[in-house]
Amino acid sequence: MIEDETSGCSILLIDDEPFAQQIIEHGLRTGVKHVLRYESDARRAVGLAAELGCTVVLVDLRMPEIDGFEFTRLLRANPETEHVPVILLSSEEDPEIKARAFAAGANDYMVKWPDPRELVARVQYHSAACIARRERDAAFVSLRRSQEELAASQMALNQAQKMEAIGQLTGGVAHDFNNVLQIIGGNLQLLKLVGGLNDAGRTRVEMALSGVERGAKLSSHLLAFARRQPLQAVVLNPGHLLREMDDMMRRVIGPAARIATEIEAGLGSILADPNQLNNVVLNLAINARDAMDGSGTLTIRALNVHRDGEIPSEVPPGDYVMIEIADTGKGMPPEVLQRAFEPFFTTKPVGQGTGLGLSMAYGFVKQSGGEIVMRSEVGRGTSVRIYLPRSKVDAVMPEPAANQPLCGGLETILVVEDEADVRDSTCAILSALGYEVLEAGDAAAAVALIETGRHIDLVFSDVIMPGPVSSLQLGDVLRRHLPDAQILYTSGYAEGVLAHEGKLNASVHLLQKPYHPDALSARIRHLLRKKPSMLAGGAMAAGAPAAGASAS
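Residues numbered from 1 in each chain as written. Predicted model: local features only at pLDDT ≥ 70, side-chain atom pairs only at ≥ 80, totals over all residues. Heavy atoms only, no water.

Enquirer: Explain the overall build of the protein chain here, please?
Expert: Scanning the protein chain for helices and strands turns up 17 helices and 19 strands. Each of the 552 residues in the protein chain was classed as buried or not, and the buried ones make up 45%. The contacts in the protein chain between residues at least 6 apart in sequence include a share of 71% that link residues at least 24 apart. As displayed, the protein chain has an accessible area near 27600 Å², and 54% of this comes from carbon and sulfur atoms. (Helix = DSSP H or I, 4+ residues; strand = E, 2+ residues; numbered from the N terminus. Buried < 20%, exposed > 50% of the residue type's maximum accessible area, 1.4 Å probe, protein only. Contact = heavy atoms within 4.5 Å. Areas by Shrake-Rupley, 256 points an atom, 1.4 Å probe, with all protein chains shown as cover.)

So this is what it looks like as structure tokens:
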């Protein structure tokens, strides 16, 4: 075998006479760089042509057992060699034989022994054509792969845009819904404040207020699902959160499925965002429901895991609170389990799954300093275990806002709210508490009032309002003209306005809608009791974006 590694021309010579190799090699040496391989047995030559990736095959027409015609047909019948050029070598200059050769699939026909110049020209021509064809086929394969990857990326982008649109829509709906709840709740609370209700009327008002609270929880769940809540990590007991989710979980799973909740006594506390943890558990429960086709058993388990206990190899040693969501569904094969946390990967039919639930859970757990471990077996269900570091601080259950005493004052408060009904009810409540109340329908009107020099002790402003002046710009104007004044924001949907990198700055004071008069009065009294110097120092340390939104 003669080899020249610098050439792409790979030639296979098939001839029962060994001296043919010397003749062909001598002819090719004058003008073409090549790799030449000789084979005397035509039966082995088809496999050899495929193995070597030949670009030209020279085959003698007259050979024992398998002649050049039959060999050519065998070569054409093999998918790996069907396009390899074949040059038949024959000692006969017979048109009939040439016709048979081309009919069998030969690309060329040469009479032994050809002039070296003719041999080189024909070998170069057919080899170049073969190489060009392979490059073209490779290009088509690459193009098809690129198109498939582009289509997959486009589909993923469409899913991401759809989720973003759903999130924006959900946030807008939640904002309007919370404003409606605030109007209803505020006027009901105002009825309680002004008095004059008989026992039956008071009972009806309390029932209506309970409905407002239920609506507020529903809105909060919508925002958590859409990931439109600014991250607010607090020390919490996950057992309390899981118990509070019990009713919602039963509605999500459906009546045909069974829920078993196992929460260890003395469960430790964790530092996490309760809304995001709620979202993760809810997504895992929905996945479990789909895997069980609406029936089966969903097990929710929470327990303490110690560093000297049984910890999976994926989890670093430490003390954790483990939350497990396990189902008795159909499970996943290893190849699906391996990709389960990949964004946009889903085994559900198109339109029935975004492939974001598990990736969201993975991101939340990682950001919280924990680990998430999934185990699944086809026919035996799936288990997702979340390991979150135990906090050394015990969770403190906050008292309900309604239990805080109502208190008022004589200070001047500017209420900035574009919803007239919300503004009217809020102003009436504050007036009933003894405050002098000013009002503005948007931030621009509030700025004009502040610039008149009117004394104002606190601004109570909605976050999202129409007009050329934003709520953050209103805070800047207030800080310049009335540095001792406080600002308290309120919103049913403040994501992206007051939040920096998804988290609320500690200097930003936000009261979520719908708010209770007791909570409103308590927050106002808390801010008005603050020393201006302390507030200004805190705002300066918070950074420019937060300072514009803080009560400085």
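Enquirer: What's the story with the pairing of strand β5 (residues 108–111) in this structure? I'm lost.
Expert: Within a regular strand, the side chains alternate between the two sheet faces. In this structure, strand β4 (residues 86–90) lies alongside β5, joined through 4 bridges in parallel fashion. Note that in β5 the partner of S90 across the bridge is V111. At this point the chain moves from β4, through helix α4 (residues 95–104), to the parallel β5, and the crossover so formed is right-handed. (Pairing = 2+ DSSP bridges. Right-handed = clockwise from strand over helix to strand, strands pointing away.)

Enquirer: Got a minute to help me understand a nonpolar patch on the surface in this structure?
Expert: There is a patch of nonpolar side chains on the surface, built from L191, L193, V194 and L406 and spanning about 320 Å² of accessible area. With respect to the helices, strands and loops of the structure, V194 is situated in helix α5 (residues 116–194). (Patch = residues over 30% accessible without salt bridge, like charges linked within 9 Å, V, L, I, M, F, W, Y side chains within 5 Å. Salt bridge = Lys/Arg side-chain N within 4 Å of Asp/Glu carboxyl O.)

Enquirer: What is the right way to read the nonpolar core from this model?
Expert: Across soluble globular proteins, nonpolar side chains show a tendency to be buried alongside one another. Residues L242, M249, L277, L298 and I386 are the most contacted members of the largest nonpolar core, which totals 40 residues. Considering every element that reaches this core, the biggest residue donor is helix α9 (residues 274–291), with 7 residues. Counting residues in hydrophobic clusters, the runner-up holds 24 residues, among them A42, I97, A101 and A106. (Core = buried A, V, L, I, M, F, W, Y, C linked by side-chain atoms within 4.5 Å.)

Enquirer: When you look at the pattern of salt bridges in this model, what are you seeing that I'm missing?
Expert: Should the charged atoms of two oppositely charged side chains come close, the side chains can pair. For the structure on display, the rule yields 27 salt bridges. The residue E324 makes a salt bridge to R301 at a minimum N-O spacing of 2.0 Å. Here E324, found in strand β10 (residues 320–327), pairs with R301, found in strand β9 (residues 296–305); they are 23 residues apart in sequence, far enough to count as distant. Owing to a relative accessible area of 4%, E324 belongs among the buried residues under this scheme. We note a salt bridge from E436 to R454, for which the minimum N-O separation is 2.5 Å. Pair noted here: E436 is in strand β14 (residues 436–440) and R454 is in the loop between α13 (443–451) and β15 (458–462), with a separation of 18 residues, a long-range link.

Enquirer: Please explain helix α8 (residues 246–253) as it appears in this structure.
Expert: The periodicity of an α-helix, 3.6 residues per turn, causes residues three or four places apart in sequence to face the same way. Among the residues of α8, M248, M249, V252 and I253 are the ones counted as buried. Angularly, the buried residues of α8 cover 130° about the axis, an arc narrow enough to put them on a single face. Facing away from the buried side of α8 by over 90 degrees, the exposed positions are D247 and R251. Where α8 terminates, the next one or two residues include G254, which has phi positive at roughly 100°. (Arc of directions from axis to C-beta.)

Enquirer: Quick question: what am I supposed to make of the sheet that holds strand β13 (residues 412–416) here?
Expert: One open sheet holds the 5 strands; their spatial order is β14-β13-β15-β16-β19, and the pairing between them is parallel. With partners counted over all chains shown, the strands left at the sheet margins are β14 and β19 (510–512), one partner each. Going from strand to strand, the sheet's axes swing by 20° on average, the running direction of each strand aside. Judged from the 4 bridges that link them, β13 and β15 form a sheet pairing that is parallel. Within β15, the residue paired with I413 across the bridge is L458. Packed on one face of the sheet, helix α14 (residues 471–481) meets β13, β15 and β16 (486–491) and runs near 170° to β16. (Axes fitted to C-alpha atoms, helices over the stretch in contact; angles between N-to-C directions.)

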